[in-house]
Amino acid sequence: MKLLSSRSRLPLPAPLLLTLVYAVFGLTGAALLCLPAASAAEPLTFSEALFTATSAVTVTGLVVVDTGSDLSFFGQVIVALLIQLGGLGLMVFATLVMLSLGIPIGFEARRFLKEDLGQTSLDDLFSLVGLIFRVVLICEAIGVVLIGIVTIPEFGWAEGLWQAVFHSISAFNNAGFALFPDSLTRWGGNPFVNISVPLLFIVGGLGFGVLWDMAAVRNWRDLTLHSKLTLVGTGGLIVTAVTLIAILEWSNAATLGAFTDWDDKLWRAWFQGVTPRTAGFNTLDVNAMREPSVFLITALMFIGGGTTSTAGGIKVTTFVVLLLATYAFIRRRQDIRAFGRSLGVEEVLKVLALLTIGGMVIFLGAFLISLTFDGDVELLLFEVVSAFGTVGLSRGATGELDQMGRVVIIAIMFIGRVGPLMLGVALAAAVPSRIKLPKAQIHLG
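Predicted model only: the values in this text are computed from it and were never measured.

Criteria and thresholds
- Residues numbered from 1 in each chain as written.
- Predicted model: local features only at pLDDT ≥ 70, side-chain atom pairs only at ≥ 80, totals over all residues.
- Heavy atoms only, no water.
- Helix = DSSP H or I, 4+ residues; strand = E, 2+ residues; numbered from the N terminus.
- Buried < 20%, exposed > 50% of the residue type's maximum accessible area, 1.4 Å probe, protein only.
- Contact = heavy atoms within 4.5 Å.
- Areas by Shrake-Rupley, 256 points an atom, 1.4 Å probe, with all protein chains shown as cover.
- Phe/Tyr/Trp six-rings, centres within 6.5 Å; stacked < 30°, edge-to-face > 60°.
- Lys NZ or Arg CZ within 6 Å of the ring centre and 35° of its normal.
- Polar contact = N/O pair within 3.5 Å; in protein donor to acceptor, adjacent residues only side chain to side chain.
- Salt bridge = Lys/Arg side-chain N within 4 Å of Asp/Glu carboxyl O.
- Patch = residues over 30% accessible without salt bridge, like charges linked within 9 Å, V, L, I, M, F, W, Y side chains within 5 Å.
- Axes fitted to C-alpha atoms, helices over the stretch in contact; angles between N-to-C directions.
- Left-handed = near helix turned anticlockwise from the far one by under 90°.
- Nonpolar A, V, L, I, M, F, W, Y, C, P; charged D, E, K, R; others polar.
- Expected span 1.5 Å × (residues − 1).
- Parallel < 35°, antiparallel > 145°, perpendicular 65-115°, else oblique.

A. Representation of the overall build of the protein chain in the model. Each helix and strand counted, the protein chain has 18 helices and two strands in total. Across the 445 residues of the protein chain, 52% fall into the buried class. For the protein chain, the share of sequence-separated contacts (at least 6 apart) that also reach a separation of at least 24 residues comes to 69%. Total accessible area on the protein chain is roughly 20,800 Å²; 67% of this is exposed by carbon and sulfur atoms.

B. Seen up close, the packing of aromatic side chains. For the structure shown, the criterion picks out eight aromatic pairs. Judged by centre distance (6.2 Å) and plane angle (90 degrees), the rings of Phe-201 and Phe-271 are edge-to-face. Here Phe-201, found in helix α9 (residues 191–206), pairs with Phe-271, found in helix α12 (residues 262–274); they are 70 residues apart in sequence, far enough to count as distant. Under the relative-accessibility criterion, Phe-201 is labelled buried at 0%. A network of ring pairs unites the aromatic residues Phe-73, Trp-162 and Phe-166 as a single cluster. Its end group placed over the ring of Trp-187, Arg-186 keeps NZ or CZ at 6.0 Å from the ring centre.

C. Structural detail: the environment of Glu-383. When you line up the elements, Glu-383 lands in helix α16 (residues 377–388). When its relative accessible area of 1% is taken as the criterion, Glu-383 is described as buried. At 2.6 Å, the side chain of Glu-383 and the backbone nitrogen of Arg-395 are in polar contact.

D. A look at the pattern of salt bridges. As enumerated under the stated definition, the model contains three salt bridges in all. The shortest N-O distance in the salt bridge between Asp-335 and Arg-337 comes to 3.2 Å.

E. Just a nonpolar patch on the surface, in detail. Taken together, the side chains of Phe-363, Leu-364, Phe-367, Leu-371 and Met-404 define a hydrophobic patch exposed on the protein surface, amounting to about 530 Å² of accessible area. Among the elements that line the nonpolar patch, the one with the most residues is helix α15 (residues 345–370), at three residues. By secondary structure assignment, the location of Leu-364 is in helix α15.

F. Examining the packing of helix α14 (residues 316–330) against α15 more closely. Interaxial distance between α14 and α15 falls to 10 Å at its minimum, and their mutual angle equals 115 degrees. Every pair of crossing elements has a handedness; the one defined by α14 and α15 is left-handed. Where α14 approaches α15, its residues Thr-318, Val-321 and Leu-322 are matched on the opposing element by Val-351, Leu-352, Leu-354 and Leu-355. Its residues placed into classes, the contact of α14 with α15 shows six nonpolar, one polar and no charged.

G. A look at the environment of Arg-417. Following the sequence through the fold, Arg-417 ends up in helix α17 (residues 403–418). For Arg-417, a relative accessible area of 15% translates into the label buried. Separated by 360 residues in the primary sequence, Arg-417 and Val-57 have C-alpha atoms spaced 8.7 Å apart. Not counting chain neighbours up to four residues away, the residues in contact with Arg-417 comprise Tyr-22, Val-57, Thr-58, Val-59, Gly-86, Gly-87, Ser-309, Thr-310, Ala-311 and Thr-390. At 2.7 Å, the side chain of Arg-417 forms a polar contact with the backbone oxygen of Gly-86.

H. Helix α13 (residues 291–303), seen in detail. The terminal C-alpha atoms of α13, which comprises 13 residues, lie 19 Å apart, in line with the 18 Å expected from a rise of 1.5 Å per residue. Every buried residue of α13 is accounted for by Ser-293, Val-294, Leu-296, Ile-297, Thr-298, Leu-300, Met-301, Phe-302 and Ile-303. In this fold, the buried residues of α13 make contact with α11 (225–249), α12, α14, α15 and α16. Residue Gly-304 follows α13 closely and has a positive phi angle near 80 degrees.

I. View of the packing of α13 against α16. Closest axis-to-axis distance for the α13/α16 pair is 8 Å, and the angle between their directions is 30 degrees. By the angle class used here, α13 and α16 are roughly parallel. Between α13 and α16 the crossing geometry is left-handed. Taking contact as the criterion, the partners of Glu-291, Val-294, Ile-297, Thr-298, Met-301 and Phe-302 in α13 are, on α16, Glu-378, Phe-382, Val-385, Ser-386 and Phe-388.

See the structure below:
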């Protein structure tokens, strides 16, 4: 706590210190998962434990062991706690503890919290923290009730309740961890699961800033531009993805075509259309989907969810700003306009930097793994994008990785959660130049 006292100064930039805190919790989780009590049979190797802990704390969902059968109840609890810590942000928990103990929180600690939540003002941070916990408790409690309606009759009170709690935590935090080898396929046509689980990860994937804004103003006109772009972008991606999945897979005998009832097809198309950007659950066999569907899912995983949310990817607002910038260029406009507001060059440069760093991470990661991976490159690329977007969908390549491949995927999951742009800013402090150079033009296209 001394590190966060009002008289102390953070020894490292806040984003980098946040990165180190995430790393410590990942290593701690790995150590706990190595304990014999965490396994249902043979203890996990350190490689398996580190991969599982990193996947949980980065709320990804990629696995090298089966969470439901290979881990004991204690091990599953560890995974659930890591998901909750990673999804909500470690500094939210630290702030709550400090407030509960009456420990004063100075400017540096507030700035640290600001970095974690992605807010531009320090004034309302504590109101935001309170809102986060209210939203989390309400959403996860509702999820437990709705999922429990399905799991408790099937598995009994004790196991069924734990199933509901685990999947509710995993869904809201966009982790994609499930206690079944086929994810949630067994409930692909169940309305309770198809409504509760997607709503949990959609709300969790909007971003706490958007939720705070919606709770504060409660009308569309007064929402910030960021909230409007996130909501419109999310809605547009959901409608597009669900429609295309339904069209592409409707007659595929290995996926939607295997079901005769329209409600079964529509529920599964809905679920599989909304999950790729954020959560990583599935009710269809991803390996059996047609190539255009797989390509669509890969693109959705790369885009991800909202800023300061439990989701990963380059973020919805980044994708929307790229579209707006392209439209402005075609119309030969000097500024980017949306909802009566304009965006400056600095915002566009941030978007381009995030897009570039994300692409480089994926390319470099896929290249390194391909050096020792004996399999289809398309499968490999799917896993790498899933790791970067902290989604967790898999086509089976993750389980076939060697030690080097696991290390690379661990690094990509970590970078995808912390944020490529945040990591770049932390490692390279910008020094403004005092020298102005003459402008020049280059030819593009």
